[in-house]
Structures are given as C-alpha cells and as structure tokens.
Amino acid sequence: MPEITGLWNLLIMEPMLNLLMLLYALLFNNFVLAIIGLTIVVRLITFPLTQRQIRSMKSMQDLQPEIQKLQKKYKKDREKVSAATMELYKKHGVNPMMGCLPMLVQMPIWIGLYQSIYQALGSTPEQFIGLSQRLYHAIPFMHDMATRSIPLNSQFLWLHLARPDPFYILPVLVVATFWLQQKLTAQPAADPSQAQMTQTMQWMMPIMFGFITLQVASGLAVYWVASGVLQIVQQGFTTGWGDIAKALPTGIPGLPKREETKKDARGKKKR
Amino acid sequence: MKETTTKKIRRVALWALLPLFLILLAGCGGGGVAMGWSAPVVEGDTLYVASKTGRLHTLDVNTQQQLWQFPLEQPLAGIYSTPVIGGEALFFGSYEIQTTAFLIFQNQDIQGRAYALDVTNGQRKWQFPMGSAEDTEPSMGTPALGEGIVYFTSSDHKVYALDLETGSKRWEYETGREIWGGPAWHNGTLYVGSADKNLYALDAASGQRKWAFAAGGAIYCTPHVAGDTIYFGSLDNRVYALNAENGEERWSFLTQNWVWAEPVLHEGLLYVASLDHFLYALDASNGTPRWQFDAGDMITAAPAVIEGVVYLTAGNAGVYALDAETGSQLWHYPEEGNLRVLSSPTVADGLVYVNADNGKLYALDAAAGQLRWELAPGEQE
C-alpha cells in the first residue's frame, strides 16, 4: 500500500501540485486564477476523452425511443431486450462502455487535482510542512518559483481559501453549477421509476456537494465551480443546451433559446 | 415484483454510497487535523508536555503521576508552542478553533492566545488575545523571556511584548506576513523571523526596529543567537549566519530543502536540521560542513546536543542519538517500525523525552536508546 501511495504521488499528485505552484507564480500570485488555470489545463489534456464520453452519452440518449420500443416488444424476456439493445448499439456504432470508460480514466486525474489543491493550501501547520516533500527542489527554475511564491496568498476577496466560505456564497454556486450539469447530462428514462431516480439524482448530487462545500477549504469549492462551468460549456457546445434552455424560458444572455438548440437546428435543416 | 425490489435496493444503495464517496473525496487531501509539535520541558522533578488532544499536562518525572492539566474544561485544538518557565509562571501560545453553528451551518475560525499559568497548580494568571479580542490568530512559536517582559509571535503578522506579571501589552511590531517561529532575546535585542522573508532585530524594550535582513525565502524558524552571531534557516533551503549587531551576512549554507528548525550551536559546531532528511554539522565560524547524517525522513525540529551526543527526531523515522563530533549513529528508536515525531527531544537526568504524533510520551534511556516507559498524557490514571 505505501508503494501504491508513493507511485500515485510521484505520477499524479506531485506533477499537478508543481504545475499549480508554477501557475500561481505566473498568474500574479493569485491562487484562484491558479486553480482555474490548472482546471483549464487538465480539461484541455482530457478533452479528447471527455468529448468522446459526451458524444457517446448523447448517441445513447438519442437511441432511447428505440430502446423503449424494444422493451415494449420483448416485455417479459429481459435477455432478448438486452440482446436487441446491444444489436441496436452495434448497428449505430455506439459502444456503451465509452460512456463510463473515459470517466474512469479521468477519475485519477480529478482526484490528483483535488489533492494538489488541498496540499498547496496547507490548512493545518502539519500539512504545510508536508508541502516541502512534494515540491521539485531539484529543478532550479521550479525551486526559485516556489521559494518566491511560498507562503501562498490564500486570501481572495472575502475568502480564506484554506477555510470554508463564511458567507455561504460558494456553496450556493456549487449547488447551482452541479444542478446545471445534471440538467444537461440527464438522460430521458424509459420507465417511471428510472425517471424518478434521475429526478432524485438531479437534486441529490448538487445538494450533497453543497453540504460538503460548507465544511471544506473554499479553494476546493472554487475548483468545483470552475470545473463544473467548463463541463457545462463543453457539453452545451457539443450536444446542445437541452434542458437548460427549457428550464430558463427567458434565457440567459449568450445562451441559445430552446428553439435554437442544436437538435432543433438539425431538424430545421432536414426540412 | 422482483424488479421493483431490485430497483429499490439500487436506489437505497445509491443514497448510501454517494455520501460515502463524497466523504472519501473530502478525506483525499490527507487529513486536516491539527495536533501540534510542542516539545516536552523538564524543570526539577516536573515534566510539562502538551498532549495531541490540546491540553498541557504536568507530570511528576519519578512517578509519572499527573499533577495538573490545562485547560480543565474544553481542550484547545492544538499546542505548537513549547512552554517556557520564568519564575512562578509558565508561558505558551495556543492554536484554537472556534466553531460557531447556526442550524445546520457551521463555521470554524482559527484563533490563538498567549497564556500565563501558575506553575504550581496550572491556574491561569492571565491570557492575551493575539489580534483583536473578536478575531484572534494562533501563536505557534515558543515565547522568549526578557527583562520583565515575555515575547510572543503570532500568525497575525505581529510580535507582542507583554508584561511578565500582568500580561498587559508593552508594545507590538507588525511584519509583512505570519510569524510561526518563536522570537530570540539576546542582550536587549529581540530577533524574529517572518514569512515575509525578513529577519528583524528589534529593541527589546521599545520595539523599535534596529535592522532587517532579507533572506531568499520565508522564515518559519526560531533564530538561534550565540555571542555576536545569529543563525536561522529559511524556505530558500539556506541557513544563514549574520552579525547580530548590524545584520551583515557572515556566511550561508545551502541544503536541498527547507530549513524549518532552529539551528543549534555546540562547541563550535552548528547543527542544522533540514527537511531534505539530513542533519548537517557545520563549522560555526565559516559554514564549512564537517559531517552530515541521513535520518531517512524530514527533520522538522531542533536537535538537543548534550555531553557530546546529538539527539534527533525525524518525521516517521523516530529518534536518533549521534556522536556530536563525527555524526556516527549511537542508537535509533524504534529499531523496527515507524514512530512519527515532529517535535524536539528533551534530555534530562539520563532520559530522552519524546512527544510523538501518536499521542504518547516516550522516555528513552539516553545512553542506549531503550524504552524506559511510555504513556498517553491525561490517560495514565
């Protein structure tokens, strides 16, 4: 187990932490900008993966009506339903694994990103000392950069980034971003109980993360918001703004209206 | 019917697993519990030790029975400051967490105070809030005693001079960033290092600045003054020797990681602990290295040098005794396994006392490194 932890730190967490320190020095010694910068860098690196994941989920979403038909057709034979569904996926070139495989590959990266932010903030004195063991002292450029930057300025507007937000603004932002994310990614469910579950998830996830934000360093909440916003933008531009446009009838500036979403635009073209 | 039950189980599992996953995620950072790195202090037959649960305990060294503890009621979050005894009083700084709650909302505020206790019974003589009374900051450095004044440093960027008897403020001096190390008093001058990368020399009576020296990195180390030279480490990986009179640099020595602990001078050798895992013995006059010892983990605390032996604690590597002249290892505790220690060892009457991170106090034989006794302060009765 210690070997796995060591390998994890060496390959995932420490490179990210040092990149974070570098971004902090380059982005005017502003830790919020550094977090946003690192989130963008990681998003760019994982872009091909996330893009495939979004497309795959969208394709599966588009096939839902046909799957419902199959479910009706083979009502009592579950094996036949799954065989026919697989055949349908095959026919349309959809690999159901592509929905979750890229996510599994990304998970270590996101956890590493999360850990590096947590480590850099050093919310306890013990944690701050631990930072010394993670920095690239042997690379002169990195060493000079870190020496100039540390201690990091963890104050941003009303926030002390190593402590929770005292005014609860970030928890609200986290809930809002997670809710929008859920709205965009939610798949129309075939049966009512599944639909209820999707509905529950749409509220449960944002609220859970909102509660966690009440307790953790606000720097992490900044990362959640930044990451969520980037995810929403990527999803929106790839598959259309879907439920968001529906949920916000008057629209937000810059956001296409319901009738202008990609799906509808495609429909118009066909006509 | 079967399908409905499965779906129900799935939903319940989802509800149960999601919070678990989030809690796990929150814990990924590697633990955020403050514990403290206060070193034990022996004065006569009494041993003073700060427990990892935020209390200061006083024990009889012969019987290991507790004499008193502070505070009696709610413990502090942690004690990083090593207590200092002057006359009938004991002084230390605290790291406290004030939790305010409204319905489900909780807010934690990290605070700190300077405390003066009666050494005989642990009764509070006075306390002084660092910063304003409403918004205080922790005091983690070991206080220094001067002429009728006790000096405290604080994370609120300031050094405070307080009346030894009453705790009333004589003066304060503000630096650019937090001060975690303790001050050092020498011949009417107070030396203090700040995370703003400067080492300050202040007039101990008035708080007027005499000079300041800009190091390459932040200073979290308590300076060590001997004769006309002041020694301190910095986060630029260097240890510096300055002329104590005017702050001119005499020499500096580069290690491979932060120099966090106070350097210690003993018979012409300066012992410098670095977070690069090495203890360096340098010629105090010019900084030339004589020997170095690889402790196997970061050395966060100053070593104790007594009668030709260096006693050293090193992160997870436990305790070492080294020959002060040659650096050769005399013994190591524990011989097998790990023992995490971030505080300095204390040597008295043939015993080495170590306040470990597992919450236990260890008494080791100074000559051979064998365990004489161990106890968890506050739980021995």
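Computed from a predicted structure; not experimentally measured.

Analysis parameters
Residues numbered from 1 in each chain as written. Chains lettered and ligands numbered in written order. Predicted model: local features only at pLDDT ≥ 70, side-chain atom pairs only at ≥ 80, totals over all residues. Heavy atoms only, no water. Helix = DSSP H or I, 4+ residues; strand = E, 2+ residues; numbered from the N terminus. Buried < 20%, exposed > 50% of the residue type's maximum accessible area, 1.4 Å probe, protein only. Contact = heavy atoms within 4.5 Å. Areas by Shrake-Rupley, 256 points an atom, 1.4 Å probe, with all protein chains shown as cover. Salt bridge = Lys/Arg side-chain N within 4 Å of Asp/Glu carboxyl O. Pairing = 2+ DSSP bridges. Patch = residues over 30% accessible without salt bridge, like charges linked within 9 Å, V, L, I, M, F, W, Y side chains within 5 Å. Axes fitted to C-alpha atoms, helices over the stretch in contact; angles between N-to-C directions. Left-handed = near helix turned anticlockwise from the far one by under 90°. Nonpolar A, V, L, I, M, F, W, Y, C, P; charged D, E, K, R; others polar. Phe/Tyr/Trp six-rings, centres within 6.5 Å; stacked < 30°, edge-to-face > 60°. Expected span 1.5 Å × (residues − 1). Parallel < 35°, antiparallel > 145°, perpendicular 65-115°, else oblique. Core = buried A, V, L, I, M, F, W, Y, C linked by side-chain atoms within 4.5 Å. pLDDT = per-residue confidence, 0-100.

Q: Now, about the overall build of chain A: what can you tell me, with residues and values included?
A: A tally of helices and strands in chain A yields 13 helices and two strands. Taken over 271 residues, chain A has a buried fraction of 48%. Partitioning the intrachain contacts of chain A with sequence separation of at least 6 by distance along the chain shows that 71% fall at a separation of at least 24. By element, 65% of the accessible surface of chain A is carried by carbon and sulfur atoms, the whole surface being about 14,200 Å².

Q: Residue-level account of the pattern of salt bridges, with values.
A: Counted according to the given criterion, the structure contains 12 salt bridges over all chains. Of the charged contacts, one joins Arg-134 of chain A and Glu-14 of chain A as a salt bridge, the two residues approaching to 3.1 Å between their closest N and O atoms. You can see Arg-134 of chain A sitting in the loop between α7 (125–131) and α8 (140–149) and its partner Glu-14 of chain A sitting in helix α1 (residues 2–26), a full 120 residues away along the chain. A relative accessible area of 11% means that Glu-14 of chain A is categorised as buried. Measuring nitrogen to oxygen at the nearest pair gives 2.7 Å for the salt bridge that ties Arg-372 of chain B to Asp-365 of chain B. Judged by its relative accessible area of 12%, Asp-365 of chain B is buried.

Q: Let's hear about the pairing of strand β32 (residues 351–355) of chain B: which residues, and what values?
A: All names here are of chain B. Of all five residues that make up β32, five are buried, and the element is covered over most of its length. On β32, burial covers both faces: Leu-351, Tyr-353 and Asn-355 on one face and Val-352 and Val-354 on the other are all buried. Alignment of β32 against strand β33 (residues 361–365), held across five bridges, turns out to be antiparallel. Bridge pairing links Leu-351 to Asp-365 in β33.

Q: Mind laying out a nonpolar patch on the surface, listing which residues take part and the relevant values?
A: Residues Phe-28, Leu-33, Ile-36, Ile-40 and Leu-44 of chain A make up a contiguous nonpolar surface patch of about 490 Å² in total accessible area. For Phe-28 of chain A, the location among the structural elements is in the loop between α1 and α2 (31–45).

Q: So what's going on with the sheet that holds strand β4 (residues 66–70) of chain B? Residues and values would help.
A: All names here are of chain B. Strand order in this open sheet of four strands is β1-β2-β3-β4, and the pairing throughout is antiparallel. Every interior strand has two partners, whereas the edge strands, β1 (41–43) and β4, have only one. Strand after strand, the sheet turns through a mean of 20° between neighbouring axes, direction not considered. Pairing of strand β2 (residues 46–50) with strand β3 (residues 56–60), which is carried by five bridges, proceeds in the antiparallel orientation. Looking at β3, one finds that Val-49 is bridged to His-57.

Q: Kindly report on the packing of α1 of chain A against α8 of chain A, identifying the contributing residues and their values.
A: Residue and element names in this part refer to chain A. Between α1 and α8, the shortest axis-to-axis distance is 9 Å and the interhelical angle comes to 60°. The two elements α1 and α8 meet at a crossing, and its hand is left-handed. Two secondary-structure elements touch here, α1 through Asn-18, Met-21, Leu-22, Tyr-24, Ala-25 and Leu-26 and α8 through Phe-141, Met-142, Met-145 and Ser-149. By residue class, the composition of the contact of α1 with α8 is eight nonpolar, two polar and no charged.

Q: Describe the packing of aromatic side chains, naming the residues involved and giving the relevant values.
A: Geometry of an aromatic ring pair is reported as the spacing of the ring centres plus the angle between the planes. Applying the stated rule across the entire model yields 35 aromatic pairs over all chains. Each ring, one from Trp-258 of chain B and one from Trp-260 of chain B, has its centre 6.3 Å from the other, and the planes form 20°; the classification is stacked. Looking at Trp-260 of chain B, the relative accessible area reads 6%, which means it is buried. Clustering of aromatic rings is evident, with ring pairs tying together Phe-128 of chain A together with Trp-37, Tyr-80, Tyr-95, Trp-180, Tyr-220, Trp-258 and Trp-260 of chain B.

Q: Give a detailed account of helix α9 (residues 169–185) of chain A, specifying residues and quantitative values.
A: In this model, α9 of chain A (17 residues) spans 25 Å end to end at C-alpha, consistent with the 24 Å of a helix rising 1.5 Å per residue. Among the residues making up α9 of chain A, those that are buried are Leu-170, Pro-171, Val-174, Thr-177, Phe-178, Trp-179, Gln-181, Gln-182, Lys-183 and Leu-184 of chain A.

Q: Residues and numbers for the packing of α2 of chain A against helix α3 (residues 47–62) of chain A, please.
A: Between two packed helices, the angle of one axis relative to the other and the distance separating the axes together describe the packing. All names here are of chain A. Interaxial distance between α2 and α3 falls to 4 Å at its minimum, and their mutual angle equals 65°. With respect to α3, the element α2 is oriented roughly perpendicular. From α2, Arg-43, Leu-44 and Ile-45 reach across to α3, where they touch Phe-47, Pro-48 and Thr-50. Of the residues contributing to the contact of α2 with α3, the split by class is four nonpolar, one polar and one charged.

Q: Describe in detail the nonpolar core, supporting the description with residues and values.
A: The biggest cluster of nonpolar side chains holds 59 residues, and the ones touching the most others in it are Phe-31, Phe-128, Ile-150 and Trp-224 of chain A together with Trp-258 and Trp-260 of chain B. Elements that contribute at least two residues to this core include exactly α1, α2, α6 (97–121), α7, α9, α10 (192–215) and α11 (218–239) of chain A. Ignoring sequence-local partners within four residues, the contact set of Ile-150 of chain A consists of Met-21, Phe-128, Leu-131 and Leu-135 of chain A together with Lys-197, Ala-218, Leu-235 and Trp-258 of chain B.

Q: Could you give me a rundown of the environment of Phe-152 of chain B, with the residues and numbers involved?
A: Within the secondary structure layout, Phe-152 of chain B lies in strand β12 (residues 149–153). Considering only alpha carbons, one finds Phe-152 of chain B and Ser-81 of chain B, 71 residues apart in sequence, at a separation of 9.8 Å.

Q: So what's going on with the confidence of the model for chain B? Which residues, and what values?
A: The predicted model of chain B has a mean per-residue pLDDT of 91, with 89% of residues at 70 or higher. As a predicted assembly, this complex carries a pTM of 0.84 together with an ipTM value of 0.88.

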